[in-house]
Amino acid sequence: MTLDPASPAAELDALILDVLRHRVGKDELAAKSHDWFNAAVLALRDKVIDRWIESTRRTYEEKGKRVYYLSAEFLIGRLLRDAMSNLGLTRDMEKALCEHGLDLAALEELEPDAALGNGGLGRLAACFMESLSTLDIPAYGYGIRYVNGMFRQRVVDGWQVERPETWLAHGNPWEFDRRESAYLIGFGGEVVEKADGVEWKPAEQVEASAVDTPVVGWRGKRVNTLRLWTASALEPLKLDAFNAGDHFGALADEVKADALVRVLYPADSSAAGQELRLRQEYFFTSASIQDIVRRHVQYEGDVRTLPDHAAIQLNDTHPSVAVAELMRLLVDNHGLEFDEAWEVTKKTVAYTNHTLLPEALESWPLPLFERLLPRHMQIIYAINSRVLREARKAGLADAAIAAISLIDEGGERRVRMANLAFVGAHSVNGVAALHTDLMKSTVFADLHKLYPTRINNKTNGVTPRRWLQQCNPGLTSVIRDAIGPAFLDDAEKLSDLNALAADSELGERVALVKRANKVALSQHIKELTGIRLNPDALFDVQIKRIHEYKRQLLNLIETVALYDQIRSHPERDWVPRVKIFGGKAAPSYHNAKLIIKLANDIARRVNSDPSVGGVLKVVFVPNYNVTLAERIIPAANLSEQISTAGMEASGTGNMKFALNGALTIGTLDGANVEIKDKVGDENIFIFGLTAEEVLAKRAEGYVPREVIEGSRELQQAVAAIASGVFSPDDPDRYAALMGGIYDHDWFMCAADFDSYAAAQRKVDALWEQPKLWRQQAIRNIANVGWFSSDRTIGEYAKEIWGVK
Ligand SMILES: *Cc1c(COP(=O)(O)O)cnc(C)c1O
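Residues numbered from 1 in each chain as written. Predicted model: local features only at pLDDT ≥ 70, side-chain atom pairs only at ≥ 80, totals over all residues. Heavy atoms only, no water.

Labelled according to an unreviewed UniProt entry, the protein chain appears under the name Alpha-1,4 glucan phosphorylase, originating from Novosphingobium flavum. Note on the protein chain: under the UniProt heading Subcellular location (unreviewed entry), the record states "Cytoplasm". As its UniProt record puts it under Cofactor (unreviewed entry), the protein chain is described as follows: "pyridoxal 5'-phosphate". (UniProt positions renumbered as here; feature names shortened; annotations may be inferred.)

Helix and strand counts for the protein chain come out as 33 helices and 22 strands. Its C-alpha radius of gyration of 27 Å places the protein chain within 12% of the 28 Å reference for a compact globule of 804 residues. The C-alpha extent of the protein chain, read off along each of the three principal axes, is 90 × 75 × 65 Å. The buried share among the 804 residues of the protein chain stands at 60%. The contacts of the protein chain with a sequence gap of at least 6 include a subset with a gap of at least 24, amounting to 76%. Carbon and sulfur atoms form 52% of the exposed surface of the protein chain, whose accessible area is close to 31000 Å². Charged side chains in the protein chain number 94 positive and 111 negative. The centres of these two groups are separated by 1 Å. (Helix = DSSP H or I, 4+ residues; strand = E, 2+ residues; numbered from the N terminus. Rg over C-alpha atoms; globule rule 2.2 N^0.38 Å. Buried < 20%, exposed > 50% of the residue type's maximum accessible area, 1.4 Å probe, protein only. Contact = heavy atoms within 4.5 Å. Areas by Shrake-Rupley, 256 points an atom, 1.4 Å probe, with all protein chains shown as cover. Lys, Arg positive; Asp, Glu negative; His and termini not counted. Charge placed at Lys NZ, Arg CZ, Asp CG, Glu CD.)

Now for the site of the ligand. The environment of the ligand is formed by 15 residues, the closest being Lys544, Lys550, Thr652, Gly653 and Lys656. Here an oxygen atom of the ligand and a side-chain polar atom of Lys550 are 2.7 Å apart. Between the ligand and the protein, one listed contact pairs an oxygen atom with a side-chain N or O atom of Lys656 at 2.6 Å. Protein burial of the ligand: of its 390 Å² of free accessible surface, 96% is covered by the chains. (Near = heavy atom within 4 Å. Polar contact = N/O pair within 3.5 Å; in protein donor to acceptor, adjacent residues only side chain to side chain.)

By size, the foremost hydrophobic cluster in this structure holds 211 residues, and its most contacted members are Leu70, Phe283, Phe369, Ile383 and Trp801. By residue number, the principal contributor to this core is helix α2 (residues 33-62), which donates 11 residues. Look past the residues within four positions of Phe369 in its chain and what remains in contact with it is Leu278, Val321, Trp364, Pro374, His376, Met377, Ile380, Val415 and Met417. Counting residues in hydrophobic clusters, the runner-up holds 53 residues, among them Ala432, Ala629, Leu659 and Val784. (Core = buried A, V, L, I, M, F, W, Y, C linked by side-chain atoms within 4.5 Å.)

Moving on, we get to the side chain of Arg58. With respect to the helices and strands, the residue Arg58 is situated in helix α2. At a separation of 3.5 Å, a polar atom in the side chain of Arg58 contacts the main-chain carbonyl oxygen of Lys221. Contact partners of Arg58, with chain neighbours within four places excluded, come to Asp136, Lys221 and Arg222.

It is worth spelling out a nonpolar patch on the surface at this point. Taken together, Leu237, Leu239, Phe242, Leu251 and Val255 make up a surface patch of nonpolar side chains, about 410 Å² in accessible area. Here Val255 shows up in helix α8 (residues 252-260). (Patch = residues over 30% accessible without salt bridge, like charges linked within 9 Å, V, L, I, M, F, W, Y side chains within 5 Å. Salt bridge = Lys/Arg side-chain N within 4 Å of Asp/Glu carboxyl O.)

Here we come to the UniProt feature "modified residue: N6-(pyridoxal phosphate)lysine" (unreviewed entry) in the protein chain. As annotated in UniProt, the feature "modified residue: N6-(pyridoxal phosphate)lysine" (unreviewed entry) corresponds to Lys656 in the numbering used here. Positionally, Lys656 belongs in helix α25 (residues 653-659). Other than its neighbours up to four places away in sequence, Lys656 contacts Arg123, Val462, Trp467 and Ile633.

On to the sheet that holds strand β17 (residues 538-543). Across the sheet, which stays open at both edges, the six strands sit in the order β19-β18-β17-β20-β21-β22 with parallel pairing between neighbours. Two strands bound the open sheet, and with one partner strand each, they are β19 (616-621) and β22 (685-686). For strand β21 (residues 663-666) and β22, the ladder comprises two bridges, and the chain directions are parallel. Bridged to Gly666 within β22 is Ile686. Contacting β17, β18 (577-582), β19 and β20 (638-641), helix α22 (residues 552-568) runs over the sheet at an angle of about 155° to β18. (Pairing = 2+ DSSP bridges. Axes fitted to C-alpha atoms, helices over the stretch in contact; angles between N-to-C directions.)

Turning to helix α17 (residues 433-441), its buried residues number three or more, namely His435, Thr436, Leu438 and Met439. Viewed end-on, α17 has its buried residues packed into an arc of 165°, placing them on one side of the element. Those residues of α17 that are buried are in contact with β15 (427-430), α18 (445-450), β16 (455-457) and α27 (691-699). (Arc of directions from axis to C-beta.)

Here we take up the pattern of salt bridges. Counted under the stated rule, the structure contains 66 salt bridges. Among the salt bridges present, the one from Asp743 reaches Arg705, with a minimum N-O distance of 3.7 Å. Of the two residues, Asp743 sits in helix α30 (residues 735-743) while Arg705 sits in helix α28 (residues 704-709), which places them 38 residues apart along the sequence. Accessibility expressed as a relative area gives 56% for Asp743, which makes it exposed.

Vacant regions in the atomic arrangement are exposed by a probe of water-molecule size rolled over the atoms. Under the criterion given, the structure shown has seven cavities of 30 Å³ or more. Quantified by volume, the largest cavity comes out at close to 190 Å³. Along its surface, the largest cavity is lined by 17 residues, and Ile76, Leu79, Asp82, Pro214 and Val215 are the ones closest to its centre. If you list the elements that add at least two residues to the lining of the largest cavity, you get α3 (80-86), α6 (120-134) and β8 (204-216). Within this model, the second largest cavity holds a volume of roughly 90 Å³. In terms of lining, the second largest cavity is formed by 13 residues, of which the most central are Thr56, Thr59, Tyr140, Arg222 and Asn224. (1 Å grid on protein atoms, 1.4 Å probe; cavity = no way out; pocket = protein on both sides within 12 Å on 5 of 7 lines; lining within 4 Å. Points joined across faces, edges and corners; volume = space filled by probe spheres on them.)

It is worth spelling out the packing of α22 against helix α29 (residues 712-723) at this point. At their nearest, the axes of α22 and α29 sit 9 Å apart, and the two run at 105° to each other. On the basis of the axis angle, α22 is roughly perpendicular to α29. Side by side, α22 and α29 meet where Ile557, Val560, Ala561, Asp564 and Gln565 of the first sit next to Glu713, Leu714, Gln716, Ala717, Val718 and Ile721 of the second. Looking at the contact of α22 with α29 residue by residue, the class counts come to seven nonpolar, two polar and two charged. (Parallel < 35°, antiparallel > 145°, perpendicular 65-115°, else oblique. Nonpolar A, V, L, I, M, F, W, Y, C, P; charged D, E, K, R; others polar.)

In this section: the environment of Gln715. By secondary structure assignment, the location of Gln715 is in helix α29. Relative accessible area serves as the criterion here: at 31%, Gln715 is assigned to the partly exposed category. Separated by 534 residues in sequence, Gln715 and Ser181 have C-alpha atoms that sit 62 Å apart. Excluding its chain neighbours within four sequence positions, the residues that come into contact with Gln715 are Ile708, Glu709 and Tyr742.

A sheet is described by the order of its strands in space; here three strands give the open sequence β12-β14-β13, paired in antiparallel fashion. The open sheet has two edge strands, β12 (363-365) and β13 (407-408), and neither has a second partner. Pairing between β13 and strand β14 (residues 414-416): two bridges, direction antiparallel. Each bridged residue has a counterpart across the sheet, and for Ile407 the counterpart in β14 is Val415.

For the rest of this paragraph, the subject is the state of the cysteines. Inspection of the entire model under this criterion finds zero disulfides. Here Cys471 is not disulfide-linked; the sulfur of Cys127 is the nearest cysteine sulfur, at 11 Å. (Disulfide = S-S within 2.5 Å.)

Quick look at the environment of Gly461 now. Tracing the chain through its elements places Gly461 in the loop between β16 and α19 (464-470). Taking the C-alpha atoms as reference points, Gly461 and Val431, separated by 30 residues in sequence, lie 9.1 Å from one another. Not counting residues within four places of it along the chain, the set of residues in contact with Gly461 comprises Leu124, Cys127, Thr652, Met655, Phe787, Ser788, Ser789 and Thr792.

For helix α14 (residues 374-393), spanning 20 residues, the distance from its first C-alpha to its last is 29 Å, which sits close to the expected 28 Å at 1.5 Å a residue. Three or more residues of α14 are buried, namely Pro374, Arg375, His376, Met377, Ile379, Ile380, Ile383, Asn384, Arg386, Val387 and Ala391. Note on α14: the residue one or two positions beyond its end, Gly395, has a positive phi of about 80°. (Expected span 1.5 Å × (residues − 1).)

Printed below as a string of structure tokens:
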């Protein structure tokens with residue numbers, strides 16, 4: 001194949017060859033695939049940079065308001081396809097590479113998955129960055145450039161084993177060092193009086209310096225910046241110590257700085273681990289706030305106008321020390337009065353809450369906080385005294401005042417980061433309607449009484465570029481043929497599919513794409529695990545972090561019950577099912593790791609049992625990440641969103657599946673409630689207790705043992721697991737896990753089992769009517785365009801940030 005020399009593909013090809021020779025330093029004849037990969041990325045990057053510079057110039061000229069999104073996580077995944085597709089260059093790239101006998105899809109596999117996040121919260125930040133660019137809003141994402149980030153999960157003999165993720169091992173062609181944007185970050189020391197106030201004299205300092213990654217919006221309208229901070233010691237090598245023979249001691253400062261940016265969420269079971277986390281949070285927050293204030297003062301002069309030019313959004317409490325840091329800069333460095341600084345801070349900062357679990361709300365032991373950040377501690381006390389005075393004036397009771405306080409006085413004194421974020425922000429938002437309602441009545445009930453207009457809802461969303469167009473090109477082209485291309489620019493236009501939901505030709509085309517995606521996934525899973533899947537079976541998928549509240553255990557118990565049923569009634573026409581699980585467990589979370597082992601134990605037993613005859617297969621896919629999600633979701637028929645009601649703030653996996661035509665089986669939790677409202681009750685399988693019923697049940701003294709004994713299927717499944725049927729090598733392995741369900745069943749697996757199993761049999765029944773199934777799948781695709789992160793970001797822009 002030869003390219004028309006005037007075509008954009010030929011131009012790209014020439015650029016790639018030039019880059020290969022002059023920047024990668026390779027002869028075309030000797031280049032390996034990773035050389036071609038680098039050349040392709042660098043060539044594409046040149047196109048991105050032109051738009052990046054143009055966007056930045058425009059922002060400075062327009063003097064508009066910038067959005068600053070502070071997040072401990074950005075789970076961005078691979079960037080090549082995203083940038084290429086958003087610039088409309090995918091076809092040209094394919095053609096250019098084809099000239100050299102190269103396959104774009106194969107080259108894409110060489111890009112590591114940026115492991116800068118944990119789960120939903122980090123992926124949300126990534127979707128938001130893409131939507132901010134798409135909506136042409138000037139924005140910076142601020143976070144940490146973790147060298148290893150989130151661990152890589154291996155499964156060895158069914159157990160999770162954590163390995164360091166080495167995503168930067170071969171460099172990162174997407175990032176740019178910005179050594180001019182460097183700031184000193186202090187820790188410890190003391191606060192001293194000066195003539196005009198006080199001064200913090202830190203005992204230690206590290207340097208934060210910026211590493212920038214461009215974020216391309218859809219159709220390349222704007223390119224924003226993801227600015228991640230890296231750390232270095234002021235004196236990287238103590239030469240005198242080194243020369244005196246102390247070769248390790250000479251490097252101690254550098255090692256300490258490096259530890260700040262090594263891993264995401266270092267284990268906090270030790271005091272050292274806890275301190276490292278607090279240091280990380282302050283490190284990236286301080287660098288970001290210094291950068292924001294520096295930029296503002298440089299271009300606007302007066303620090304008092306900061307709220308007119310900057311909107312700072314805190315993604316959960318990890319960056320909430322920003323409230324105290326901004327106060328410190330305004331008062332100590334810019335000479336503002338405390339009251340004035342407080343008004344500027346509140347007008348600039350907004351906070352997003354992501355969890356209602358009291359144990360997950362961050363707090364720091366007060367002595368640790370005071371030792372590391374003595375000036376911030378003073379500022380927090382000063383803020384607290386203002387807030388508590390306001391509370392008293394408003395007539396709140398002592399218990400409410402104690403709950404509002406920034407300091408938890410019960411037992412060991414602790415600094416409450418969520419309360420700090422709440423009082424220092426003009427907006428506090430939840431991430432789904434139900435979650436926001438529960439915030440008002442539970443975690444923030446008293447703060448909500450004091451500041452009744454502060455809490456608002458912004459239901460999460462996902463970017464349809466990555467989660468439809470890029471991960472499912474087949475479905476995208478079927479939709480485009482059916483309703484035209486308008487949905488590519490406005491996901492809510494997917495609703496035009498409603499008129500065609502019963503069109504059998506469309507149903508068949510959608511089903512063909514789904515089958516092709518299942519074949520591709522089966523091939524991939526075969527390579528990863530050796531397990532063979534039947535692509536005509538119902539693909540039933542639960543992929544997300546492993547956590548008891550997400551109830552992988554409910555799904556596994558039901559799997560065992562189904563396995564029993566199939567063996568007892570082999571004569572029935574069972575719907576062939578593949579149960580797919582994936583997800584990482586926190587390294588210190590014992591039960592979550594045991595659940596992974598259980599999934600693997602069940603898989604081994606079921607998959608090798610000839611009496612189920614391939615009707616049931618179970619797989620645990622290792623190392624769940626963005627790239628794996630992009631493969632699995634387009635191939636799913638059924639999406640498991642089965643958290644204990646009231647515990648999942650929103651979920652975003654639920655949105656991705658529905659957008660790709662999977663039907664949801666789920667509880668009335670998080671955004672499932674709104675998904676049900678959009679797709680219609682008849683197009684979703686809802687089961688189980690409501691959030692209100694869960695709370696009532698816990699309050700009235702729920703006895704799971706009675707429930708288990710009243711349900712034969714459940715009892716048999718739990719007993720089989722507990723007695724070692726799936727773990728003959730260690731029969732007691734699951735005794736305690738199942739004992740927990742008998743004894744307290746905090747997450748209501750027993751209470752919801754019968755209703756879940758009944759919903760699963762309804763799923764089977766619908767599967768037997770492929771035409772109806774397809775119609776319902778199309779209804780899902782058609783009605784979840786609202787869950788685009790463009791809609792979410794549009795709401796933040798208008799209602800929180802005050803940008804166009
Ligand atoms: C979307 C996504 C999540 C969030 O999934 P939930 O089901 O909402 O918990 C987590 N991890 C990855 C890699 C994702 O893409």
